[in-house]
Each structure stands twice: as C-alpha cells, then as structure tokens.
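Coordinates in review
What follows is each chain in one-letter form.
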Amino acid sequence: MARARQLIQVTAILLATWFFLSSSAPAVLARRPPPQAAAPGTLCIPRERDALLAFKARLTDPSNLLSSWRGEDDCCRWSGVECSNQTGHVVKLQISNGYDTYMFGSDIGGEISSSLLTLRHLKQLDLSSCNFGGRPIPEFIGGLRSLTHLDLSNSYFGGRIPPHLGNLSNLISLDLTSTYKQTDFQGVASSLDLAWLSNLQKLQYLYMWHVDLHGAVDWTHAVNMLPSLVTLELHSCGLQNTMAPPLHSNLTSLESISLDSNSFDSSFGAKNLFWDLPNVRYFSMSSCGITGPIPAAAGNLTSVQSLSLDHNTFNGAVPSTFKKLNKLQVLELWDNSISGNVEDLLHILPADELQGLYLQNNNLTGSIPAQINQFSSLSTVLLSNNKMSGEIPVGMRELKKLKDLSLDSNNLNGTLTQDHFTNLTSLKFLWLSGNSITMLVNNTWNTPFQLTAAGFRSCILGPHFPAWIMQPTLLVLGISNTSIHDSIPGQFWISIIPKNLAYLDLSGNKLSGVLPSDIEAPALEVLNLFKNSFSGTIPCSLFELQQLELLDISENQLNGTLPNFPGAPRSSNLTMLNLNTNNLSGEFPSYLQRCKELKFLDLAYNNFSGSIPTWIRSKLPYLAFLRLRSNMFSGGIPVELTRMKGIKYLDIASNNISGNMPLLLGNLIAMAHTPDEQGGFFKTVTFQPRGDYKWTSGFTDSLLVVTKGQQLEYTTGIAYMVNIDLSCNSLTGQIPQEIGKLVALKSLNLSWNHLSGIIPQTIGELRAVESFDLSHNELSGEIPTSLADLTSLARLNLSYNNLTGAIPSRNQLRALDDQASIYIDNPNLCGSPVSRNCPGTETTPRAPEDQHEGMSDVLSLYLGIGTGFGVDALVILTSASPKMKPGFDPTKGGRPEFYYEDGAYPEQVDWIGQRNQIDATKAAGVKHIVLVGSMGGTNPNHPLNSLGNGNILIWKRKSEQYLADSGVPYTIIRPGGLQDKDGGVSELIVGKDDELLQTDTKAIPRADVAEVCVQALQYEEVKFKAFDLASKPEGVGTPTKDFKALFSQVTARF
C-alpha cells in the first residue's frame, strides 16, 4: 500500500498540473506488482521469534505499532509478520506505518538489529516509511540471501548504500527511494558506483528516487547489466550523461523507465541516453535540462504508449521518426522550445491511438488542421502558449471524448459557434484566453457540456452578459476583457452563480450598476471586478464571503465609506485587497483590523482622509505591500509603520502627511532582503485558488507604479519590486543614516517634501536601487561620493535643493540620461554637467542653460500666485500632454504609442499640480476658481486613459472632486474634443455625466472654451456647478450670446 500511495505522489510530481488534474491520464503507467505474501500457518520457529524480539528491542515505537509482538505468543500472528504454511519459517516482515513519511512523518525508528540474519528464509523485507534518522543502510542486509523483495523507501536512510546489497542475487524488487529531493543531497542515501547492481540478474523492479548518484558516471553500463529489468525509476538522482552508453542494450524486458529531474544538461544534449528500447511502453525524461533537437533515435521506442520529454530545452521540429510510434497514447513535450507546423506534427502521430497531447509552452506555428477530427480518442489537447494562428476548425466537434481543451495565448482568430461544440459532451476544461476569438452563440444556449474550469480572457463574449457560461459545475471562470457592456443580472449573485465557484474574474469589461447586497458563493476565494464601471457603495456582502482571499474592485466608480461590516467574519481570510482608483472616502478602514492575514493592501487614488492608524502593525502583521498614494491622509507617519518587518512596498505619496521623516526606516528589514518565490507576498500575487485546474494568477492584470520618473505597469513582477515612495507630502527633518540598511530597495522617492540636512553617505549601500529622487526639498551639503557606487541606478533627480560642492563624476553617474536636469536649481553645485566650474579647474564655460525650460504650466502658475499679487479669481487650464514615441510609420499600419515626459505625467500635472493651485488660492482667499477638465471622466476605460498609461481623465476627475470638496466657490467646465477653429460662431450646449458623448455634438472650438471661462467668472448661476460643454456645427442653430441663459440650464453640482 505504501508503494501505491507513492505512485500517486509520483504521478503528481512527474506529470504537469494539466495531466494530473484532467481525466485523460496516460493509458499506461508503471505499476509495481504487490509482493507475493505467504499465508500464516503453523507456530513460528522459536529462534526466529527470539530474533524478531531482539529486532524490536532496538527499535523505537512510541505509538506501540508493534504491541502484538509479545513473549511466548505465536510470532506468525504478529502484526507485519507472515510465515510459511509448510515450514513455519518467517518469509515476510513488514515494519512500516502504512503511510508515507513524506506526508505524515513516522513513529517507528531506532536501529536495525543484525538479529534479522537469523531469518534465513525471509523473502520479503519492508521497512518503508519509518524514520531511521539518517543512519546508513546496514551492510548485513546483504546477508539475507533469500530476499526477493526489499523495500527501504522513505525511511530516512543516509550515507553510502552498501555494495553488499549486490549479494542479494534472488532480488526481484528493490526500492531505495529517499523521502525528499534536495539539491545538495544532504541527508539522503548515495552511491558513487553502481557496479554492485550487476549481480542482481533476477531484478525486475528498481526504484531509487532521490538517491544521490551524481558520482555514478557509468550508470548506463551498470543498469544495462540487468537483463530481467521491467521497471526502472531513477528520478532526481543527479545522474549525468557524460559517458557514452553501451553499444548494445541488454534491457530487452524493460517496459517502464523514469529518469526525470536529472542533470542531462551537458554539451552532449540528448546523446549518451537510452533511446534504443523497443519494448518500453512508458518513457519519461522530464525536467532534465536537455538541449538541442529531439534525437531521431527516439523513433526506436516503437512500443511506447506514454512518452514524456517535457520541461527541457528541446528545440527544432519533432523528428519524422515519430511516425513509427504507432502505439503512442500520451505525448508530453510541454515547456520546451519545439517549433514547426502543428499540422505537420499531427500528421506523424497515430490518429487512432492518441489520447493525450501536451504541447503547451512551445513555439509551434500554423493552424489547427481540419483533420483534427480524425483523432477520435483524444481526451486532452493542450496547445496553449504557442504561436498558432488561424481559426479553430468546426471538425473539433468530432472529438467526442474530449475533456480538456487548452488553446489559450496563441494568435487564433475567427468565430466559434454552437456547431463547434455539438458533440463535446465530455468537455470539462476550456481555455481560449489570449486569442482574438468571438463566441457567437445564443445567450441562453443550453450547452452539451458542463464545465469545471474555463477562461476566455480577451475573447469577445459581449456585448450582453453571457448567461450560458454560468454552469453549476464551475470552479474557475475567467471572462476578463471580453467586451461585455452590460449590467449583471440581479439573480446572478444569488441563484445563478455556481455554489462551488472558487475563482471569478469579470475584470476589464464595461459592467455597470451597483454591487449586490447579497452574494451566495460560499466557496469563492478570488473575485476580480476591477476596470469596470460599478457604482454605488461597497456592500457588506463582499466581506461576508468567508473563503474569500483575494478581492480586487479597483478602477470602478465606487463611493462612500467602508463600514465595519458587522456581518463579516471576526477573522477574515483576505490576503489581498485592492480598492484603488475609486471615489471612496472616510478614514482608514477600521474593518481591516480583522484581516490579520492581509499581505497586499492598495487604497490609492481615492479620497480617504484622517491619519494612518497606529494599530497597523499589530493588526496587519504580515503586510508586505501598502499603497496609500493620492488620498488626503494627514498627520505623521506612525512609528509602528516603520516596525513592520514584512513591508517590501511602501507608497504613501501625494497625501498631506507632515511631521519629521521617520528615523527608524532601517527597521523595515524585509527591504534588506531580495524577494524570492518562497515569500508570502510572491505567493499572494501568484495565488492559485484551491480546486483550480490550471495555474491561474489571482493578481490583477497590471499595477501602475511610479518609478524612474514615470508611471510603469507591472503584473506579478510587483512581487520583486522593493519600493519606498513618500513624495509630495510635507515631511521635514533629515534623511536617516539607517536608510542604507535597506539594500534591496529598487526605488526610493522622497521628492517634493521639506527635508533638510545632508544626503547621508550610507546611501551608497543601496546597490540595487534603480530610481532615486530627492528633488524639490531643502537638502544641503555636498553630494556624497558613495552615490557613484549605485551601479544599478537608471534615474537620479537631485534638482531644486541647496546642494553644494563638486558633482561626483565616476561610474554610473556619467551614464545617466539627461544629465543637466538631474542637478537643476542647485546654484552652488559645480563641475560637469552644470555650467559652474569648481575652484581650481580650468574648463571652458558652457553656455548658460534655461534651467526652467520645460517647467510645467502648473509650477509656473503656482509660483506666480505666491509672488504677492492680489487675486480674486483663478482659472485653471493646465493639462498634461502626451507625446508620440518616435519610430511610428503610419504607412505600415498599427497604432502609435505615447508617453509623458518626466515631470509632466497626468498625476503630477492634473492632480498634484492642480491640487497645489487649489490649496494656494484657498489660502490666499480667492473667491472663485474655474477649473477646465474634460468630458469622458465617467468612463475609467476611456481610450484617453490608456495613452502612455497616464489615466489622464481619472486624475482630472480626482482634481475636480478635490475642488468641489474644498469649500471655495467653483465652476467646473468639461469641454469635449477641442478644435482649432474661430469662436463665437456656433451655438453652445451644456450637459452632464458625459451625455453629450452619445450625440453628434461632442466637440468645441478652443476659443469658445476660453470665452465660457471668462463669462463664468461673471455669473453667480454657475458657482458651485459643473457641466459638460460642446458646440453645434457652424451654421446649425444660433451663435450663443446670452451666457446667463446658457448657464441657467446648468443644474449639476458635480
């Protein structure tokens, strides 16, 4: 039974997640025949009983598993002992826990007594699943000459395998499998020479998983001396292929061979390995690092039914010799670099026999041929992550046994109709994500299949919500970015949603309406609703889902506060919560005190206010990612925050944080260690829900991160991003020396504060930092020479400080782009690249530069307000402006790409800059502010937001909301598309909530916008009002002259 259980584990490790979880397992698997046990018979031989008692005496057995072994009792009736009916001799001894130590640990241990040598008739010895604490296998076991079956697997034996085992010439089955695979093979059994195997001429079954054989370079020759061998399993043994195999193979009886996870990554490629094995039915050489083409000799495996060469680096086309594999049922070549046309590959495979085709993660091209319908036995087809194109043939419907179809992440196109699925009654798994496929089916289609898991990301399922996909058997469903422009039916969340659904992704659509007040999804672990148009408040029902671990409802139009959710569990399972880019308000949510397991929290781009709570450390002890940027938090940074040992990403930029710079930043010890895939944060952003039948990330499609002077887009790579951003606040004090301890930092931004003092020399310890910004502070002193030690640095900004002395000129600093801008407005700096020479140097002076060139209108206007002029009103017309990336050729088709220049990003111009103007004018007693925004702000998916990943309309809307909440009399004007035409010749029209975008009148001359701004300053009717603005085409209607009448139509306050 222990071996049967081990085979289950072997299958789980050996085969891909798809293979393990789909119902189309290989038709042929190596199975070890159970030992032939003798039935209990006469009373046992006294000397053998004494030997067994002596054996027991040296064992440890705290659970009394051998409690039946007592004194004068008949030892043939003892647990684990079997005797011959004819002679009474002990012929079988099985001392094991009946389960694998790999899973459950063990009780029986101690030492093995040589008294076993008394059992001269012993044929079967099973000491598996015990715990012998790393002791070597006793040499005397080689004296049990009658043994036919020896099982020492998973019992924590270590040291050298005694060659004395070669004396067991009657052995039929030998299992020396070690419990754990360790890359350094610490604590596992080993053998530098397998020559002792040559004496085991009767051996049929050899299992040596995880045994250290890296020194046995002649292993192929040793194994070749076993003519009776039927099954060979040398998984994860450190084997090498540096020695040529024997010229002639003696392994004529071999039916199953598994050499997975060895070190066949030498320059010999696939050479020096067994290929000439015509009787083998099961062949596995996965995860061995083999490079080069699949050898033509693989075609000599003419009896093979299951062939696994996955997770190597094989390249080129599959050799034509595969056409000789006419018994092949399962082919696993996934995770290689196999190329060639998929139609050519299918042409050489046996259409009648093939059941499982595992070719995902390769470089296959071409289209799926119509002849796919001839593969009538196929139950699993995995072709995801290739380069296939064309349409899916309707002949796919003839694969009546098909259970698992994965075609995601290719270049497939065309339309799928109900006809494609007519006969697919067995289909359980359907993955079409990442293609340009349109599902043209009836919305109430009664499918012939019942799916367990499905993914349609980036296909077209809309515009209506696809009711047909909601099947009661679903555990996993991903329909993100599928062009659904609809609301979700109310009954969906109560009666339609599958009760066992664990993963649901509806993100990136245009779903609207309010979120439900009741959700009956007790098994839901991941819910992604981001990048939609949901509105209203966040209902308690979302936080009452007891199994929920990841919730992402960012980039919607949600508002209101987060209550304490009294109906939610006292202790939440949430590990990730993303609420960014909504209109949420109130204080830092107190509900989060129940979320002890939380590792990822993003509240950015909302209207939260109040202070950062001091309970954040005690209530959120595992938090690794905290983003609060662009809210209205105030007060100081609590010292408790700097004591959070798991924080790797800290962003509280663009708030109203004040007080001294924290001196204890060095306590953020997670930032002193490079992130790896073992950390809790990585496991959160690559989360796989329980019950998922395909590796599915629970993380959002992307996350916009401000670093290197621009907003960059990250996916699961955020797990490796170590970041501190405290910019655009009102922090004072000095940069602490301890910051040099955070050696894993990749981005550090302390700009736009009031920091003073010197830049500490310890900054040179941050060797991993790529982006470093201290601009717009009050720092003084010299630039530390250690700054030149930052060899990873890609962007540096020290502008607008009071730094003095010579600019360091070595190493990385010289390679940075835009040298002059790094040091702008530090008048006492000298040396290249600034124009001022250092004392004692004789360098030809450079022509003076306009150090304020490129300064945004925001900053210019902000400085103008502060010069002392009396101001009664302010018109804000500033806007970020994207630039087209060079190299675009319209004659070649495609779309141009855009970017924003450093310092001119929408967040900086349309949010931070406008907020600063509003704050300054409010402090100056300004009586009226007119802000010009833009139509389109109600739609977070508006195309303008995608330009340069700038989200420009979102930032404009946020600034508008800030003005409306400021208490200053305001008028917000949202014009449509701006035209370079004469003004005053068209009839102007006003609207609200982007209603004009649904009409033909959605543009306006710039001159008319300017006129409306001036007129708005004169009429009380438009104070505390907001409106959309457009004009009718010239010649249609009457040119607007009566602005009071126009403004009287405005009713909306926002």
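Residues numbered from 1 in each chain as written. Predicted model: local features only at pLDDT ≥ 70, side-chain atom pairs only at ≥ 80, totals over all residues. Heavy atoms only, no water.

**Brief notes about the overall build of the protein chain**
Scanning the protein chain from N- to C-terminus turns up 15 helices and 61 strands. A buried classification covers 55% of the 1054 residues belonging to the protein chain. Excluding contacts between residues fewer than 6 apart, the proportion of contacts in the protein chain whose partners are at least 24 apart in sequence is 66%. As displayed, the protein chain has an accessible area near 41800 Å², and 49% of this comes from carbon and sulfur atoms. (Helix = DSSP H or I, 4+ residues; strand = E, 2+ residues; numbered from the N terminus. Buried < 20%, exposed > 50% of the residue type's maximum accessible area, 1.4 Å probe, protein only. Contact = heavy atoms within 4.5 Å. Areas by Shrake-Rupley, 256 points an atom, 1.4 Å probe, with all protein chains shown as cover.)

**Description of helix α14 (residues 1006-1016)**
If you check which residues of α14 are buried, you get D1008, V1009, V1012, C1013, Q1015 and A1016. Buried residues of α14 fall within an arc of 165° about the axis and therefore sit on the same side. (Arc of directions from axis to C-beta.)

**Observations regarding the nonpolar core**
Among the nonpolar cores identified, the biggest contains 225 residues, and L93, F283, L349 and F456 are the most heavily contacted of them. Residue assignment for this core shows that the elements contributing at least two residues are α3 (46-57), β2 (81-83), β3 (90-94), α5 (219-223), α6 (342-347), β23 (411-416) and β25 (436-439). Core analysis: the second largest hydrophobic core is formed by 19 residues, C728, I876, L931 and V968 among them. (Core = buried A, V, L, I, M, F, W, Y, C linked by side-chain atoms within 4.5 Å.)

**Details of the state of the cysteines**
Cysteine pairs can be covalently joined through their sulfur atoms, and such a bond is termed a disulfide. Overall, the coordinates contain three disulfides when judged by the stated rule. The partner cysteine of C44 in its disulfide is C75, sulfur to sulfur 2.2 Å. With C44 in the loop between α2 (17-21) and α3 and C75 in the loop between β1 (59-60) and β2, this pair connects stretches of sequence that are 31 residues apart. The class for C75 is buried, based on a relative accessible area of 0%. (Disulfide = S-S within 2.5 Å.)

**What about unusual backbone geometry?**
A cis geometry characterises the amide bond from G462 onward to P463, with omega recorded as 10°. Summarising the element assignment, P463 is placed in the loop between β26 (453-455) and β27 (476-478). Here S832 and P833 are connected by a cis peptide whose omega angle stands at 15°. For S287, which is not glycine, the phi torsion reads 55° and is therefore positive. Mapped onto the elements of the fold, S287 is located in the loop between β13 (282-284) and β14 (291-293). You will see that N951, though not glycine, has its phi angle at about 50°, which is positive. Along the chain, N951 falls in the loop between α12 (943-946) and α13 (952-964).

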